[in-house]
Every structure is written in C-alpha cells, then in structure tokens.
Amino acid sequence: MAKQTIELTVQIKNTERLRLKAMKVAGGTKGVTGVEFEKEQEDLTVKGEGVDVYALVKNLTNKVAKTVVVNVITVTPAVPE
C-alpha cells in the first residue's frame, strides 16, 4: 500500500468541541495513522495507508460539518534495484 497525506477543510466555527470530534472521527477511519488540525484555520491533515478518501469525507460531513478535499498526496515506496 502507498502512504497518503490528505488535506481537508472542515467548515467549523472555531469550536474546540467540534475540532476534537473531527479528529476523533478522522482517527477512527480505517487506515489512518495520524491526524493534525490547524488551530487558526479549518485545515485537517490526515496521514495513513490505504485510506478511503470518500468514506473519510462522508463521515466527517455527516458527523461534524461540511468537509472539502483540498489535496491528496500519495507517496509510493521506491523499488530497490
């Protein structure tokens, strides 16, 4: 599996409760190994392997607030020669 870094924007109103809920929902998604939230902005960064981006966004939208995918970076391991 390739490692992924997914950058999302969760539209919340600077509420600590919703920030923690978003981090908990994202962390509970299959394949997620790390979650970071920018306090000043509404940016959520999720790291993991084999993360289903659609399921992640759907869960965050249903349980927390409207979520938009900003960027998905996939890092494939180098094949040794």
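Our subject is the structure that appears above.
The model shown is predicted, which means the values in this text are computed figures rather than measured ones. (Residues numbered from 1 in each chain as written. Predicted model: local features only at pLDDT ≥ 70, side-chain atom pairs only at ≥ 80, totals over all residues. Heavy atoms only, no water.)

J.: What exactly am I supposed to notice about the overall build of the protein here?
T.: The secondary structure content of the protein amounts to 2 helices and 4 strands. Written out in order from the N terminus, the α and β elements of the protein read β-α-β-β-α-β. What you see for the protein is a C-alpha radius of gyration of 13 Å, in line with the 12 Å of a compact globule of 81 residues. Across its three principal axes, the protein shows a C-alpha extent of roughly 50 × 25 × 15 Å. (Helix = DSSP H or I, 4+ residues; strand = E, 2+ residues; numbered from the N terminus. Rg over C-alpha atoms; globule rule 2.2 N^0.38 Å.)

J.: Explain the pattern of salt bridges to me, please; I cannot follow it from the model alone.
T.: Two side chains with opposite charge may pair up if their charged atoms get near one another. A full pass over the atoms with the stated rule returns 1 salt bridge. For Glu16, the salt bridge identified is with Arg19, shortest N-O distance 3.0 Å. Of this pair, Glu16 and Arg19 are both found in helix 1 (residues 16-27), 3 residues apart, which corresponds to roughly one turn of the helix. (Salt bridge = Lys/Arg side-chain N within 4 Å of Asp/Glu carboxyl O.)

J.: I'm lost on helix 1 in this one. Help?
T.: Each α-helix turn comprises 3.6 residues. Residues three or four places apart therefore point the same way. Between its terminal C-alpha atoms helix 1 stretches 16 Å, which fits the 16 Å expected from 12 residues at 1.5 Å a residue. Among the residues of helix 1, those classed as buried are Leu18, Arg19, Ala22, Val25 and Ala26. Down the axis of helix 1, the sector holding all buried residues measures 130 degrees, keeping them to one side. Turned more than 90 degrees from where helix 1 packs its buried face, Arg17, Leu20 and Lys24 sit exposed. Against strand 2 (32-37), strand 3 (43-49) and helix 2 (53-63) lie the buried residues of helix 1. (Expected span 1.5 Å × (residues − 1). Buried < 20%, exposed > 50% of the residue type's maximum accessible area, 1.4 Å probe, protein only. Arc of directions from axis to C-beta. Contact = heavy atoms within 4.5 Å.)

J.: I keep staring at the sheet that holds strand 3 and nothing clicks. Help me out?
T.: Taken in spatial order, the 4 strands line up as 2-3-1-4 in an open sheet, and their pairing is antiparallel. Strand pairing shows two members of the sheet lacking a second neighbour, strand 2 and strand 4 (67-75), which therefore form its edges. With direction set aside, neighbouring strand axes in the sheet form an average angle of 15 degrees. Of the strands in this sheet, strand 2 and strand 3 are in contact with helix 1, which crosses strand 2 at around 165 degrees. (Pairing = 2+ DSSP bridges. Axes fitted to C-alpha atoms, helices over the stretch in contact; angles between N-to-C directions.)

Read these as layout, nothing more, since geometry by itself doesn't imply function.
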